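Reading the structure
For reference, the chains in residue letters:
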Amino acid sequence: MRTAFYISDGTAITAEVFGHALLTLFPAQFEHITIPFVETTDMAQQVKQRINDRYKTTGVKPLIFQTFVDDDLRHIINSSSGICYDFLNTFVEPIQRELGIAPVPKTHRTHSMHEKTYDFRIDAVNFALANDDGANMKNFDQADIILVGVSRSGKTPTSLYLALQYGIKAANYPFVEEDMEALRLPAELMRNKDKLFGLSITAERLSQIRQQRRPDSRYASIRQCTAELNEVEALYRQEQIPFLNSTHLSIEEISAKIIAKTGLKRHKY
């Protein structure tokens, strides 16, 4: 198994995201090691030694994905026994030529948040928590988006991710088993119909998830899951509610697709 290091003098999130994205293209297994905030030459030397030790142990050079702003720290890591990929400096020179502006390196700039953006995110997270599972339908008028779907279809984690990552106020409402005999949109949802977005999932995957919560229950049976999903998807089509199937998607992918389909404004920068 090959080792992949994600290293930075900042959070290492950029190195991790880009590195993971590249490695998923290759049918191989990797051990992933993330090392953030390597901010001194002593720390860089320790990380270099760790890379060299891994090479000696495995006999295979580790892959190093790095985003160092500090040149001295970058050179130390580049002198290791790993194969280094420098995401930032690969693009600095061509962008400098295009913009006609010299870069001004500043550690942690890539993940600094303006005060206003921070406030958007905190408010959105508080909103998502207060309006989870239809807890406060009276607040739905204030939502940017309202996720709907059967129980355990991914509404809560998606709402929280939209809030934390993008500052989007996301409420969610579950269609429960008791609703299925005469499934319809409550008045609060009808009033905010333009904000609704549906999540669906395969019956097999939904049953697996529900089994973890209530093993061998009617709630988790394939038959019940299939019936609920059929009813809810019929409602989506009848009411022309956009929806997507989340079965094979990560929370990040679900969120990105929702934003792309709805045109929601992101408060990310």
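Higher on the page you've got the structure.
**Things to note about the packing of aromatic side chains**
Any pair of aromatic rings gets described here by the distance separating the centres and the angle formed by the planes. The tally for this structure, following the rule as stated, stands at seven aromatic pairs. Considering the side-chain rings of Phe65 and Tyr85, the 5.4 Å spacing of their centres and the 20 degrees angle between planes classify their relative orientation as stacked. Of this pair, Phe65 sits in strand β3 (residues 63-67) while Tyr85 sits in strand β4 (residues 83-86), placing them 20 residues apart in sequence. With a relative accessible area of 3%, Phe65 lands in the buried category. Judged by centre distance (4.9 Å) and plane angle (35 degrees), the ring pair of Tyr236 and Phe243 falls under tilted. Its relative accessible area of 0% is what places Tyr236 among the buried residues. By relative accessible area, which is 28% here, Phe243 ends up partly exposed. Members of the aromatic cluster, connected to one another through ring pairs, are Tyr6, Phe18, Phe65, Tyr85 and Phe87. Between Arg210 and the ring centre of Tyr219, over which it is positioned, the NZ or CZ distance is 4.2 Å.

**A few points about the sheet that holds strand β2 (residues 30-35)**
One open sheet accounts for four strands, arranged β2-β1-β3-β4; its pairing is parallel. Two strands lie at the open edges of the sheet, namely β2 and β4, each paired on one side alone. On average, each strand axis in the sheet is inclined to that of its neighbour by 20 degrees, with strand direction left out of account. Sitting on the sheet, helix α1 (residues 13-23) is in contact with β1 (2-8), β2 and β3, with an inclination near 140 degrees to β3.

**With respect to the nonpolar core**
Nonpolar side chains in soluble globular proteins generally cluster together in the buried interior. Judged by nonpolar contacts, the single largest core of 24 residues is most densely connected at Ile146, Val148, Phe175 and Leu189. Contributing elements (two or more residues each) for this core: β5 (145-150), β6 (170-175), α8 (203-213) and α9 (222-239). Once residues within four sequence positions are removed from consideration, Leu189 is found in contact with Phe140, Ile146, Val148, Tyr173 and Leu196.

**So, the sheet that holds strand β8 (residues 243-245)**
With parallel pairing, the four strands of this open sheet are ordered in space as β6-β5-β7-β8. Two strands close off the open sheet at either side, each with one partner strand: β6 and β8. Averaged over all pairs of adjacent strands, the angle between their axes in this sheet comes to 25 degrees, without regard to strand direction. Where strand β7 (residues 196-200) meets β8, three bridges bridge the pair, whose relative direction is parallel. By the bridge assignment, Gly198 is partnered in β8 with Phe243. Along the sheet, helix α10 (residues 251-262) contacts β5, β7 and β8; its crossing angle with β7, the most-contacted strand, is approximately 145 degrees.

Definitions and limits used
Residues numbered from 1 in each chain as written. Predicted model: local features only at pLDDT ≥ 70, side-chain atom pairs only at ≥ 80, totals over all residues. Heavy atoms only, no water. Phe/Tyr/Trp six-rings, centres within 6.5 Å; stacked < 30°, edge-to-face > 60°. Helix = DSSP H or I, 4+ residues; strand = E, 2+ residues; numbered from the N terminus. Buried < 20%, exposed > 50% of the residue type's maximum accessible area, 1.4 Å probe, protein only. Lys NZ or Arg CZ within 6 Å of the ring centre and 35° of its normal. Pairing = 2+ DSSP bridges. Axes fitted to C-alpha atoms, helices over the stretch in contact; angles between N-to-C directions. Contact = heavy atoms within 4.5 Å. Core = buried A, V, L, I, M, F, W, Y, C linked by side-chain atoms within 4.5 Å.

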